[in-house]
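# Inside the fold
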Amino acid sequence: MTEPRTDSLNTTPTVPATIVLAGATGALGLLIAHHLRKRGASVRALVRPETSAKAETTSLRVQGVEIVEVDYNNAAELTKACVGATCVVSALSGLRDVIVEAQTRLLEAAVAAGVPRFIPSDYSADFTRLSEGSNRNFDLRREFQRRLEKSPIQATSILNGMFTELLKGQAPVVLTGPRRVLYWGDADQLLDFTTMVNTAEFTAAAALDPTTPRYLRVAGEVASIRGLQAAATAATGQPFRLLRAGGLGVLQTMIKVTKTLIPAKDEVFPPWQGMQYLHNMLSGQAKLTEPLDNARYPEIRWTSVRDVLTAAK
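Figured I'd write up the structure that's included with this text. (Residues numbered from 1 in each chain as written. Predicted model: local features only at pLDDT ≥ 70, side-chain atom pairs only at ≥ 80, totals over all residues. Heavy atoms only, no water.)

## Here's the deal with the nonpolar core
Just so we agree on the cut-off: Definition used in this section: a nonpolar core is a set of buried Ala, Val, Leu, Ile, Met, Phe, Trp, Tyr and Cys residues joined via side-chain atoms within 4.5 Å. Only protein chains enter the area calculation, which uses a 1.4 Å probe; residues under 20% of their type maximum are buried, those over 50% are exposed, and those in between are partly exposed. Numbering of helices and strands starts at the N terminus; helices are DSSP runs of H or I of at least 4 residues and strands are runs of E of at least 2. Residue contacts are defined here by distance: any two heavy atoms, one from each residue, within 4.5 Å place the two residues in contact.
Met162, Leu167, Val173, Phe193, Ile225, Leu228 and Leu309 are the most contacted members of the largest nonpolar core, which totals 38 residues. Breaking this core down by element, the ones donating at least two residues are β12 (180-183), β13 (191-194), α7 (225-236), α8 (248-261), α9 (271-282) and α10 (305-311). Broken down by element, the residue count for this core peaks at 6 residues, all from α9. Leu228 has contacts with Leu167, Val173, Val181, Phe193, Ala223 and Val305, leaving out every residue within four places of it along the chain. Counting residues in each nonpolar core, the second largest holds 30 residues, with Ala33, Leu36, Ala91 and Ile158 among its members.

## Some remarks on helix α5 (residues 136-149)
Going by this rule: The span expected for a helix works out to 1.5 Å for each residue beyond the first.
Spanning 14 residues, α5 covers 20 Å between terminal C-alpha atoms, matching the ideal 20 Å at 1.5 Å per step. Of all 14 residues making up α5, 11 are buried, and the element is well covered by its neighbours. Of the positions making up α5, those classed as buried are Arg136, Asn137, Phe138, Asp139, Leu140, Arg141, Arg142, Glu143, Phe144, Gln145 and Leu148. Tucked into the core, α5 has its buried residues touching α4 (96-112), β7 (117-119), β8 (154-155), β14 (215-217) and α9.

## A short note on the pattern of salt bridges
Stated formally: Whenever a carboxyl oxygen of Asp or Glu lies within 4 Å of a side-chain nitrogen of Lys or Arg, that contact is scored as a salt bridge.
If you walk through the whole model with that rule in mind, you get 15 salt bridges. For Glu132, the salt bridge goes to Arg146, with nearest N and O atoms at 3.4 Å. You can see Glu132 sitting in the loop between β7 and α5 and its partner Arg146 sitting in helix α5, a full 14 residues away along the chain. Glu132 sits in the partly exposed class, given a relative accessible area of 48%. Judged by its relative accessible area of 44%, Arg146 falls in the partly exposed class. When the shortest N-O distance is used, the salt bridge between Asp192 and Lys287 registers 2.8 Å. Residue Asp192 is located in strand β13, and its partner Lys287 is located in the loop between α9 and α10; the two are separated by 95 residues in the primary sequence. Look at the salt bridges and you will find they share partners, linking Arg96, Glu101, Glu143 and Arg147 into a network.

## Overview of the sheet that holds strand β6 (residues 87-90)
Counted only if it meets this: Criterion used throughout: strands pair if DSSP finds at least two bridges between them.
With respect to topology, 6 strands assemble into an open sheet ordered β5-β4-β3-β6-β7-β8, the strand pairing being parallel. At either end of the open sheet lies a strand with only one pairing partner, and these are β5 (66-69) and β8. Two elements, β7 and β8, share 2 bridges in a ladder whose sense is parallel. Bridging across to β8, Arg117 finds its partner in Gln154.

Laid out in structure tokens, this is it:
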């Protein structure tokens, strides 16, 4: 339970802001909950009944987070869970049934409950600049965005590029075994990277800030492929070399072949999906426009690519 805060110049207790958090048991959601609590917020986590006994839910309870079991198909239940919140933050992850449908029901519940602000589960490169069909997961976010734009609620999307942690293995770019940095296209194309922790910290600050604009764009580091090479070399003390696998057309062909051979349509991140993300970034089409909003909350200390790769040794 969060105790009411008392302003040092005013003895009247102030009630902490209540933030409703969906997707709180996921990796990013857990971090957002942690940073909201650090900032003194009262956090109400929406969890599905089948996850109420999971270790992640227990961790949230230990942190003082209020746990509310909800059925995303029950509008009245969702609306009741949102009553009294100053912002609804979504960290939901999934395909169309989650990103579009479940998130729409969450949005409608927030509006019905009179919640003034909504932060959707975007947390990505700038999908607003991409054409339809270039990235399946971004297409879903754009579809939800069209619904969000028609809603009478103040919305803020947080765009952070790629999660830097993916460079430690999930994104096949920095290859520690052969000490190569693999890429397609131009080695000088600038790319955006932000750690999951920094993204969560920024999201928590934004959730408690009633003056946020429609979009906030942040990057813990903006680096080219050559910059990744330098960071990997500095982090490991071993020289890394560049390995150009071809132009962006080659990567596009690889995406089509992989999607045909391993469609995995029910997976959130099949191999071809990650390749689509790389293509979007390496082409420059999903580059975050500058100036970035990193300085909006000056207390945040941004983690570099080198720091992440050093921790991965």
